[in-house]
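# Fold and geometry: a report
Each chain is listed here by its residues.
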Amino acid sequence: MRTTRRAVLAGAGAALAACALGASAREALSKRIPSTGEPVPAVGIGSWITFNVGDDAALRAEVRAVMAAFFEAGGGIVDSSPMYGSSQAVIGDSLDRLGHPKGLFSADKVWTRAAAGPSQIAETARRWGVERFDLLQIHNLWDWEKNLDTIEAMKEAGRLRYTGVTTSHGRRHAALEEIMRRRAPDFVQLTYNILDREAERRLLPLALERGIAVICNRPFRRGRLPDRLAGQPMPPWAREIGVSTWPQFLLKFILSHPAVTAAIPATRRVDHLRENKSAAFGPMPDAAMRRRMAAHVRDL
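So, here's what we can say about the structure. (Residues numbered from 1 in each chain as written. Predicted model: local features only at pLDDT ≥ 70, side-chain atom pairs only at ≥ 80, totals over all residues. Heavy atoms only, no water.)

Ranked by size, the top nonpolar core spans 71 residues in total, and within it Ile151, Met180, Leu190, Tyr192, Ile194, Phe249 and Met293 carry the most contacts. Once residues lying within four places of it in the same chain are set aside, the contact partners of Met293 are Ile194, Trp237, Ile241, Phe249, Phe253 and Pro285. Counting residues in hydrophobic clusters, the runner-up holds twelve residues, among them Ala107, Phe187, Ala213 and Ile264. (Core = buried A, V, L, I, M, F, W, Y, C linked by side-chain atoms within 4.5 Å. Buried < 20%, exposed > 50% of the residue type's maximum accessible area, 1.4 Å probe, protein only. Contact = heavy atoms within 4.5 Å.)

What follows is the structure in structure tokens.
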């Protein structure tokens, strides 16, 4: 029977993850937000689909366990959106039950026309149970000019720390490039992984040029990349970057790009969360290794 995504974390992979997560979270890779220099852990967590569990008590307990493990491993960006069903409320419930642990970098989105933006933001903050967000992003460029005006005004008034704009699935890159050139938000969020690499052509170099932080969504193509690679032997040279499992391999490829600030894989399993976090430990690929990694996965 074919082994599915990370069904077993065995041998050297388990040893690496256990060793890494037993170390101080300060030893994990952090990246600096270009506009301020503030460090943020390079592995965050997304909430699309996985945290949309409604009022199911058992599933909420699973999310809460993942959130607890996330903060034990150093925390970082927790990303959500009004589009994500019950995810915001589930995050808020978890934060409340966990006592609002340290290490949260709260990131949510505006997903409505600008006239309704302020009321949506207020409802989002109520669901999370936070007074202000670290980052608010315009979800998939929705009414972006006026919504960006709103969140920039919030930042100016001290009611928000960072502004951002998002896209996904490789869509609307030309429009995102225009925004980065004209308005330079603090963050952009886009799809980038070892196979979806269009952002390397213009958006990632532009982020470096303009001093914009980059959050990468869909790092595993919603789990399809690790499933595709499961059962394939890990190349021996992967040991050079401390890699022994495919999810670590995939995340290290993303995190090692100089323009990338964080990746936000989503999961509802504690073992997956810990494995994802372990990718931030140890040596990172250089440019030559990144090319080797991409070619290897492409040819499998």
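Further remarks concern a nonpolar patch on the surface. On the surface, Trp48, Ile49, Met83, Trp111 and Trp142 cluster together into a nonpolar patch covering about 440 Å² of accessible area. Mapping Trp48 onto the fold places it in the loop between strand 3 (45-46) and helix 2 (57-72). (Patch = residues over 30% accessible without salt bridge, like charges linked within 9 Å, V, L, I, M, F, W, Y side chains within 5 Å. Areas by Shrake-Rupley, 256 points an atom, 1.4 Å probe, with all protein chains shown as cover. Salt bridge = Lys/Arg side-chain N within 4 Å of Asp/Glu carboxyl O. Helix = DSSP H or I, 4+ residues; strand = E, 2+ residues; numbered from the N terminus.)

A few words on the sheet that holds strand 8 (residues 187-191). If you trace the eight strands from one edge of the open sheet to the other, you get 3-4-5-6-7-8-9-10, paired in parallel fashion. The sheet terminates laterally at strand 3 and strand 10 (262-263), the two strands that pair on one side only. In terms of strand pairing, strand 7 (residues 160-166) meets strand 8 through three bridges, oriented parallel. Considered in strand 8, the bridge of Thr166 is made with Gln189. Helix-sheet contacts for helix 2 involve strand 3, strand 4 (76-79) and strand 5 (104-110), and the interaxial angle to strand 4 is about 155 degrees. (Pairing = 2+ DSSP bridges. Axes fitted to C-alpha atoms, helices over the stretch in contact; angles between N-to-C directions.)

Between the first and last C-alpha of helix 11 (residues 287-299) there are 19 Å, a value that for 13 residues agrees with the 18 Å anticipated at 1.5 Å per step. Within helix 11, burial applies to Met289, Arg290, Met293, Ala294 and Val297. Along the axis of helix 11, the buried residues cluster in a sector spanning 135 degrees; they form a single face. Of the exposed residues in helix 11, the ones pointing more than 90 degrees away from its buried face are Arg291, Arg298 and Asp299. Its buried side turned inward, helix 11 meets helix 8 (224-229) and helix 9 (246-255). (Expected span 1.5 Å × (residues − 1). Arc of directions from axis to C-beta.)

Per the counting criterion, the structure on display carries ten aromatic pairs. Centroid distance Trp111 to Trp142: 6.2 Å. Interplanar angle 55 degrees. Geometry classified as tilted. With Trp111 in the loop between strand 5 and helix 4 (117-128) and Trp142 in the loop between strand 6 (133-138) and helix 5 (144-156), this pair connects stretches of sequence that are 31 residues apart. The class of Trp111 is partly exposed, set by a relative accessible area of 33%. By relative accessible area, Trp142 is classed as partly exposed at 36%. Members of the aromatic cluster, each reached through a chain of ring pairs, are Phe105, Tyr162 and Phe187. Here the guanidinium or amino end of Arg290 rests over the ring plane of Phe253, the centre of that ring lying 4.2 Å away. (Phe/Tyr/Trp six-rings, centres within 6.5 Å; stacked < 30°, edge-to-face > 60°. Lys NZ or Arg CZ within 6 Å of the ring centre and 35° of its normal.)

When a strand is regular, its side chains alternate between the sheet's two faces. Taking burial as the measure, the five residues of strand 9 (residues 213-217) include five buried ones, the bulk of the element. Of the two faces of strand 9, the one holding Ala213, Ile215 and Asn217 and the one holding Val214 and Cys216 are both buried throughout. The handedness of the strand 8 to strand 9 crossover, carried by helix 7 (residues 203-210), is right-handed. Sheet analysis places strand 9 next to strand 10, joined by two bridges and oriented parallel. Following the sheet pairing, Ile215 is matched in strand 10 by Ala262. (Right-handed = clockwise from strand over helix to strand, strands pointing away.)

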